[in-house]
Every structure is written in C-alpha cells, then in structure tokens.
Amino acid sequence: MVKKVGGGGTTNANKINVSIKSQDGDTIFFRVSRHKSIQDMLKVYCQQKNFKYSEMSFIHEGNRIPRTKTVFELGIEDGDEIDAMKHQGGGGNPMASTT
C-alpha cells in the first residue's frame, strides 16, 4: 500500500519528497522542509502506521538516523527512501551455560 502525506503540487526548493518503507513493504511518502527536524516526520509516520515511536529504528543508506538532526544535516535528498525497522527482542538462550 502507498500513502502520500504532506504538501500539494507547488514546487519549493526548500522542500523535498522522501519515502519511508516499513518491513512489510508498505511505503508512505512525505514532502518535508530540508531544515525541519527529521523527528517530526518520523513521529507522523509512526502515527500513520500505528507504531510506537520508541520501538522503531530508522535507517538511511545503511546508517541509523539520529533523531535530533534536520533532513539537510542528514544529507537526505529529494526522492530518498528511509527504512523503518521495529525493534526485535530476544535472541539469547537464557538456559545456555557460560562456564
């Protein structure tokens, strides 16, 4: 499923189109200001998908996104895609011996 969120048809050099793709392949498109905190867009994404913001990681070009930076500071360009990953718990065997 593809959803579009944000601005209309006007062109502005300060705004870019960015998509966020979840693990299930669902993509949501955003039109955001280059100088706005990335955190605002990520929170809107989580609201749209009904995800807990604190349980998500966001990856751009193989690197985890620090949420305090702006789109410009992160080097995100028009048409870029961000991957959304839900934190996974577990993986260890509590019964394993470490002797």
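Our structure's up above, just so we're on the same page.
Residues numbered from 1 in each chain as written. Predicted model: local features only at pLDDT ≥ 70, side-chain atom pairs only at ≥ 80, totals over all residues. Heavy atoms only, no water.

A. Focus on the overall build of the chain. What the chain contains, in helices and strands, is 1 helix and 6 strands. The proportion of buried residues among the 99 residues of the chain is 31%. Just so you have it, the chain exposes about 6,600 Å², and 47% of that area is on carbon and sulfur atoms. (Helix = DSSP H or I, 4+ residues; strand = E, 2+ residues; numbered from the N terminus. Buried < 20%, exposed > 50% of the residue type's maximum accessible area, 1.4 Å probe, protein only. Areas by Shrake-Rupley, 256 points an atom, 1.4 Å probe, with all protein chains shown as cover.)

B. Seen up close, the nonpolar core. Of all hydrophobic cores here, the largest spans 19 residues; its most connected members are I20, I38, M41, Y45, F58 and I82. Going through the elements one at a time, β2 (15-21), β3 (27-33), α1 (38-49), β4 (56-60) and β6 (81-86) are the ones with two or more residues in this core. For this core, the element with the most residues is α1, which contributes 5 residues. When neighbours within four sequence positions are excluded, I82 is seen to be in contact with V18, S19, I20, K21, I38, M41, F58, I59, H60, I65 and I76. (Core = buried A, V, L, I, M, F, W, Y, C linked by side-chain atoms within 4.5 Å. Contact = heavy atoms within 4.5 Å.)

C. Spatial organisation of the packing of aromatic side chains. Evaluation of the coordinates by the stated rule reveals 2 aromatic pairs. Ring geometry for Y45 and F58: centres 6.0 Å apart, planes at 80 degrees, overall edge-to-face. Taken together, the positions of Y45 in helix α1 and F58 in strand β4 put the pair 13 residues apart, joining distant regions of the chain. This pair shows no difference in class: Y45 is buried, exactly as F58 is. Cluster of aromatic residues (ring-pair linked, three or more members): Y45, F51 and F58. Positioned above the aromatic ring of Y53 is the side chain of K43, whose terminal nitrogen or guanidinium carbon lies 5.4 Å from the ring centre. (Phe/Tyr/Trp six-rings, centres within 6.5 Å; stacked < 30°, edge-to-face > 60°. Lys NZ or Arg CZ within 6 Å of the ring centre and 35° of its normal.)

D. Here's a closer look at the pairing of β6. Where β2 meets β6, 3 bridges bridge the pair, whose relative direction is parallel. Its bridge partner lying in β6, I20 is registered against I82. Pairing between β4 and β6: 4 bridges, direction antiparallel. Residue pairing across strands places M56 opposite K86, the latter belonging to β6. (Pairing = 2+ DSSP bridges.)

E. Spotlight on unusual backbone geometry. The phi torsion at N50 lies on the positive side, around 60 degrees, for a residue other than glycine. Counting through the fold element by element, N50 comes out in the loop between α1 and β4. If you check the backbone angles, E61 has positive phi at about 50 degrees while not being a glycine. By the secondary structure assignment, E61 is in the loop between β4 and β5 (63-64).

F. Seen up close, the pattern of salt bridges. Scanning all chains against the criterion turns up 3 salt bridges. Ionic pairing is found between D24 and K49, a salt bridge with its closest N-O pair at 3.8 Å. Separated by 25 residues along the polypeptide, D24 in the loop between β2 and β3 and K49 in helix α1 bring together distant segments of the chain. Relative accessible area serves as the criterion here: at 59%, D24 is assigned to the exposed category. Across the salt bridge formed by K49 and D26, the nearest N and O atoms sit 2.6 Å from each other. Here K49 is found in helix α1, whereas its partner D26 is found in the loop between β2 and β3, with 23 residues between them in sequence. In this structure, K49 and D26 share a single accessibility class: buried. One salt-bridge network, held together by shared partners, links D24, D26 and K49. (Salt bridge = Lys/Arg side-chain N within 4 Å of Asp/Glu carboxyl O.)

Keep in mind that these numbers describe shape and distance, not what the molecule does.
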